[in-house]
Amino acid sequence: MEISALTRSVVKSNHAVIAPDGYINSNVPGWTGCTVNVIINEAMGANLCQTLITLNKDGKLIGSTKESQIFFYVVKGKTKATVGGTKKVLSTGQFVYVPPKKAYKFEDVEEGTQILTFHKVYEKLVGYAVPNILFGDAAKVPGPSYLGDDALRLQVLLPDNLSFDMAVNIFTYDSGGHLPMVETHIMEHGLLYLQGQGVYMLDHQWYPIKKGDSIWMAPYCQQWFTAMGKEPAVYIYYKNVNRFPTVQ
Ligand code: UGY
Ligand code: MN
């Protein structure tokens, strides 16, 4: 038996790696018949929330967004989603973006369905409308090469316009593919590995990472990644965008 004091998870002031072995479930009012792991949120110093929900056959997520917008992404399985009067069946790789002050319901789920959520308090921009509800399918989103490197492909799941203050992207790295630079930026990330493995550098510390792991990167947490192994590494990530933070 492996000693239970071992884990790859770390929680630091400007980044965290959360492996599934340390999950402790939370109860979220309105989310029933499921386990909920709150992986990133303001209690750790973040400005976003990331959860991973695993639903039983009778599981339901019923609620309304308030000041926050929520991006729901089906990691695996199938569910019926009703948002703002529109009903759709969502399966692996499909998603719905729910803006602030909208009701949502997920029901009729396949046993074991997993849903990833990213939540952010919406910051309105004068002259721009609050975004509408948006259903989508990652399989239909193009993945052009990133900065001219064919080993890296970036899919942008939400529209790239100033109404949105968050982005959700899927980054695919062929084995050996790596970020072209050590990124040093104000934007924050929450991230879930969907496939494969590799090594992440966070604030000049090196972490082996694989499918199922999550990462939080605070603003200015320096970051670099290289994919390893025999299959491409794929992660879905959140980023705050399009708002200038300096007090005027
Ligand atoms: O969009 C990004 O900042 C992205 N390249 N960061 C990352 O993958 N760590
Ligand atoms: Mn980045």
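Presented here is an overview of the structure given in this document. The shown structure was predicted, so the numbers you read here are calculated from the model rather than taken from an experiment.

## Re the coordination of the manganese ion (ligand 2)
In step 1: Taken together, Glu183 (OE), His185 (NE2), His189 (NE2) and Gln223 (OE1) make up the protein donors of the manganese ion (ligand 2), found 2.1 to 2.3 Å from the metal.
In step 2: Considering all six donor atoms around the manganese ion (ligand 2), angles at the metal cover 77 to 176 degrees and the coordination shape is octahedral.
In step 3: Positions of the donor residues of the manganese ion (ligand 2) along the chain correspond to the pattern E-x1-H-x3-H-x33-Q.
In step 4: By relative accessible area, which is 14% here, Glu183 ends up buried.

## Some remarks on the site of ligand 1
In step 1: As a structural note, the neighbourhood of ligand 1 is formed by Tyr146, Phe171, Glu183, His185, His189, Tyr200, Gln223, Tyr235, Tyr237 and Lys239.
In step 2: Here an oxygen atom of ligand 1 sits 3.2 Å away from a polar atom, N or O, in the side chain of His189.
In step 3: Between ligand 1 and Gln223, the relevant distance is 2.7 Å, taken from a nitrogen atom to a side-chain nitrogen or oxygen of the residue.
In step 4: With the chains in place, 97% of the 280 Å² that ligand 1 exposes on its own is no longer accessible.
In step 5: At three residues, the largest contribution of residues to the shell around ligand 1 is made by strand β20 (residues 233–240).
In step 6: Partitioning the shell around ligand 1 into residue classes produces five nonpolar, three polar and two charged.

Reading the values: rules and limits
- Residues numbered from 1 in each chain as written.
- Chains lettered and ligands numbered in written order.
- Predicted model: local features only at pLDDT ≥ 70, side-chain atom pairs only at ≥ 80, totals over all residues.
- Heavy atoms only, no water.
- Donors = N, O, S within 2.8 Å, 3.2 Å for Na, K, Ca; no water.
- Tetrahedral: all angles 85-135°; square planar, octahedral: opposite > 155°, others 65-115°.
- Buried < 20%, exposed > 50% of the residue type's maximum accessible area, 1.4 Å probe, protein only.
- Near = heavy atom within 4 Å.
- Polar contact = N/O pair within 3.5 Å; in protein donor to acceptor, adjacent residues only side chain to side chain.
- Areas by Shrake-Rupley, 256 points an atom, 1.4 Å probe, with all protein chains shown as cover.
- Helix = DSSP H or I, 4+ residues; strand = E, 2+ residues; numbered from the N terminus.
- Nonpolar A, V, L, I, M, F, W, Y, C, P; charged D, E, K, R; others polar.

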